[in-house]
Amino acid sequence: GGQWEKALALLDELRSRGFEPDVITYNTIISACEKGGQWAKTLVLLNDLRSSGLKPNVITYSTAMSACKKGGQWEKALALMDELQSIGLEPNVI
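Residues numbered from 1 in each chain as written. Predicted model: local features only at pLDDT ≥ 70, side-chain atom pairs only at ≥ 80, totals over all residues. Heavy atoms only, no water.

Colleague: Any details on the environment of valine 23? Residues and values, ideally.
Modeller: Considering the arrangement of structural elements, one finds valine 23 in helix H2 (residues 23–35). Among the residues examined, valine 23 registers a relative accessible area of 16% and is labelled buried. For the pair formed by valine 23 and lysine 55, sequence separation is 32 residues and the distance between their alpha carbons is 7.3 Å. Those residues in contact with valine 23, other than ones at most four positions away along the chain, are Leu54, Lys55, Asn57 and Thr60. (Helix = DSSP H or I, 4+ residues; strand = E, 2+ residues; numbered from the N terminus. Buried < 20%, exposed > 50% of the residue type's maximum accessible area, 1.4 Å probe, protein only. Contact = heavy atoms within 4.5 Å.)

Here it is, written out as structure tokens:
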């Protein structure tokens with residue numbers, strides 16, 4: 001279950017070398033955190049993604065919602081669903 005820790009370390013290393021992660025990189029790391037049961041980290045990463053000027057996509061939101069659902073954070077999952085729809089994206093099934 002430590003893959004999420006490795007993914008976060010890789011993100012830090014990329015940044016320290018001057019690389020800015022793209023949405024696909026963020027999605028991969030968010031997915032690792034989701035699989036590791038780290039719902040709070042998925043929300044931090046989602047905020048980091050937005051702060052860096054990138055736009056989250058359906059995969060980003062679906063993975064973060066799944067992490068919140070698995071962590072029993074239904075309110076946060078529903079808030080993400082509302083946000084997803086408010087920016088004009090349609091939820092999918094992942």
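Colleague: So what's going on with the pattern of salt bridges? Residues and values would help.
Modeller: Taken as a whole and assessed by the stated rule, the structure comprises three salt bridges. Between glutamate 34 and lysine 70 there is a salt bridge whose closest N-O contact spans 2.6 Å. Placement of the pair is glutamate 34 in helix H2 and lysine 70 in helix H4 (residues 58–70), with a sequence separation of 36 residues. The partner of arginine 50 in a salt bridge is glutamate 83, and the shortest N-O contact between them spans 2.4 Å. Pair noted here: arginine 50 is in helix H3 (residues 39–51) and glutamate 83 is in helix H5 (residues 74–86), with a separation of 33 residues, a long-range link. (Salt bridge = Lys/Arg side-chain N within 4 Å of Asp/Glu carboxyl O.)

Colleague: A description of the nonpolar core should follow, citing residues and the corresponding values.
Modeller: Ranked by size, the top nonpolar core spans eleven residues in total: Trp4, Ala7, Leu8, Leu11, Tyr26, Ile29, Ile30, Ala32, Cys33, Leu45 and Leu49. The set of elements that each furnish at least two residues to this core consists of helix H1 (3–16), H2 and H3. Ranked by residue count, the leading element in this core is H2, at five residues. The residues contacting tyrosine 26, other than those within four sequence positions of it, are Arg15, Pro21, Leu45, Asp48, Leu49, Ser52 and Leu54. Judged by nonpolar contacts, the second largest core, of ten residues, contains Leu43, Val58, Cys68 and Leu80. (Core = buried A, V, L, I, M, F, W, Y, C linked by side-chain atoms within 4.5 Å.)

Colleague: I'd like a description of the state of the cysteines, backed by residues and values.
Modeller: Taken as a whole and assessed by the stated rule, the structure comprises zero disulfides. With no disulfide of its own, cysteine 68 lies 12 Å from the sulfur of cysteine 33, the closest cysteine sulfur. (Disulfide = S-S within 2.5 Å.)

Colleague: Give a description of the packing of H2 against H4 that names residues and reports values.
Modeller: Put simply, H2 and H4 touch, their axes get as near as 9 Å, and they point 15° apart. One element, H2, and the other, H4, form an angle in the roughly parallel class. The crossing of H2 and H4 is left-handed. The segment H2 lies against H4, with Val23, Asn27, Ile30, Ser31 and Glu34 engaging Ile59, Thr60, Thr63, Ala64, Ser66, Ala67 and Lys70. Of the residues in the contact of H2 with H4, the class split is five nonpolar, five polar and two charged. (Axes fitted to C-alpha atoms, helices over the stretch in contact; angles between N-to-C directions. Parallel < 35°, antiparallel > 145°, perpendicular 65-115°, else oblique. Left-handed = near helix turned anticlockwise from the far one by under 90°. Nonpolar A, V, L, I, M, F, W, Y, C, P; charged D, E, K, R; others polar.)

Colleague: Explain H4 residue by residue, including any values.
Modeller: Along its 13 residues, H4 runs 18 Å from first to last C-alpha, staying within 8% of the 18 Å computed at 1.5 Å per residue. The element H4 is largely enclosed, with a buried count of ten among its 13 residues. If you check which residues of H4 are buried, you get Val58, Thr60, Tyr61, Ser62, Thr63, Ala64, Met65, Ser66, Ala67 and Cys68. One side-chain oxygen at the N-terminal end of H4 lies 3.0 Å from the backbone nitrogen of isoleucine 59; it belongs to asparagine 57. Phi turns positive, to about 75°, at glycine 72, one or two residues after H4. (Expected span 1.5 Å × (residues − 1). Polar contact = N/O pair within 3.5 Å; in protein donor to acceptor, adjacent residues only side chain to side chain.)

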